[in-house]
Amino acid sequence: MTARRLLITRRAATVVIAANVFKPNIKALATAQGWDGYGNVDVVINSGVYVVALEIIDMPHDVVTITNNGIIGGTIHSDGTGMYIRNRIRVINNGTIFGCGGTGGVGSSVSVCWGGACHSASGGDGGIGAGFYTTNSWATVLYRATGLPGVAGQNDHRPSSGYPGDSGSDIVGGTGGTGGSVGVAGSPGGDAQAYGSYDYYNATVAGSGAPAGYYINGNSFVTWLVNGNRYGRVI
């Protein structure tokens, strides 16, 4: 009786991402290229291409290699994570991977009184951090590398009551902090100001800037063959 060797051939696939895309389904794209669910999958992101919120979560371990020549990053209206990985993969990062910039802190608010006459002014909101965003449900991917400035606080004036020692008062809420550039926390909000006459003063503490997003969530699953530019937090 002659023994025969069973040769199993795995069908690999190469997925080329040549246009801006939001959350590409790597498994579906590989299958469309003839992948059999077991062979190696090479994902190549072309130079100048934006890939928003890349996920590898339902692939076999140790089959995916990502060669990034473009920019992978998070969205400014979510947690800002650039890559979410739950399968062991390899990454050749010739480009940039980022977590979004953090939102700026809220400016402080202020209230003052003189002789029972009180007025107040609210602080401004913090600016939005940098990252990918869209205006048409991701049909178009837009990118901003720096954060937006915060909003100015309210201001209010109380005229003098005419009593001796009362010159009136002017108050200004703190300006919101500037949003962070990609991979950078937002700036803290500004302090409120009060001028003139008052016998009571109270101001809230300005908000701290929000932390940057993660350039990768799931770093323990990744073997970095080339580090490239990576901005933000890592977990």
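Above: the structure in question.
Predicted model, so just to flag it, every value in this text is computed and none were measured. (Residues numbered from 1 in each chain as written. Predicted model: local features only at pLDDT ≥ 70, side-chain atom pairs only at ≥ 80, totals over all residues. Heavy atoms only, no water.)

Re the pairing of strand β3 (residues 41-45)
The following threshold applies: Burial here depends on accessible area, computed with a 1.4 Å probe over protein chains only, as a share of the maximum for the residue type. Under 20% is buried, over 50% is exposed, and the range in between is partly exposed. For the purposes of this entry, the term helix denotes a DSSP run of H or I that reaches at least four residues, the term strand denotes a run of E that reaches at least two, and both are numbered from the N terminus. Pairing between strands is defined by DSSP: at least two bridges between the two strands are required.
A one-sided burial pattern is seen for β3, the buried positions being V41, V43 and I45 and the unburied ones D42 and V44. With five bridges connecting them, strand β1 (residues 13-17) and β3 associate as parallel partners. Note on β3: the bridge partner recorded for V15 is V43. The pairing of β3 with strand β6 (residues 64-68) spans five bridges and is classified as parallel. By the bridge assignment for β6, V43 is matched with I66.

Overview of unusual backbone geometry
In terms of backbone geometry, most residues other than glycine have negative phi values and most peptide bonds are trans. Even without glycine at this site, S137 takes up a positive phi of about 55 degrees. Tracing the backbone through its elements, the reader meets S137 in the loop between β13 (131-133) and β14 (142-144). Owing to a relative accessible area of 70%, S137 belongs among the exposed residues under this scheme. A positive phi angle, near 70 degrees, is found at W138, a position not held by glycine. Structurally, W138 can be placed in the loop between β13 and β14.

A closer look at the packing of aromatic side chains
For clarity, the cut-off: Each Phe, Tyr or Trp ring, with Trp reduced to its six-membered ring, pairs with another whose centre is within 6.5 Å; inter-plane angles below 30 degrees give stacked pairs, above 60 give edge-to-face pairs, and intermediate values give tilted ones.
Considering all chains together, one arrives at nine aromatic pairs under this definition. Residues F22 and W138 carry aromatic rings whose centres are separated by 4.7 Å and whose planes lie at 5 degrees to one another, so their mutual orientation is stacked. Placement of the pair is F22 in strand β2 (residues 21-22) and W138 in the loop between β13 and β14, with a sequence separation of 116 residues. Residue classification places W138 among the partly exposed positions, given a relative accessible area of 23%. Plain terms: the ring middles of F98 and Y143 are 5.6 Å apart, the flat faces sit at 35 degrees to each other, and that makes the pair tilted. Pair noted here: F98 is in strand β10 (residues 96-98) and Y143 is in strand β14, with a separation of 45 residues, a long-range link. We classify F98 as buried; its relative accessible area is 0%. In this structure an aromatic cluster arises from ring pairing among Y50, F98, F132 and Y143.

Digging into the pairing of strand β12 (residues 117-121)
Sheet topology places strand β11 (residues 110-114) next to β12; five bridges connect them, and they run antiparallel. Bridging from a neighbouring strand, V112 pairs with H119 of β12. Between β11 and β12, which follow one another and run antiparallel, lie two residues, and G115 among them has a positive phi close to 60 degrees.

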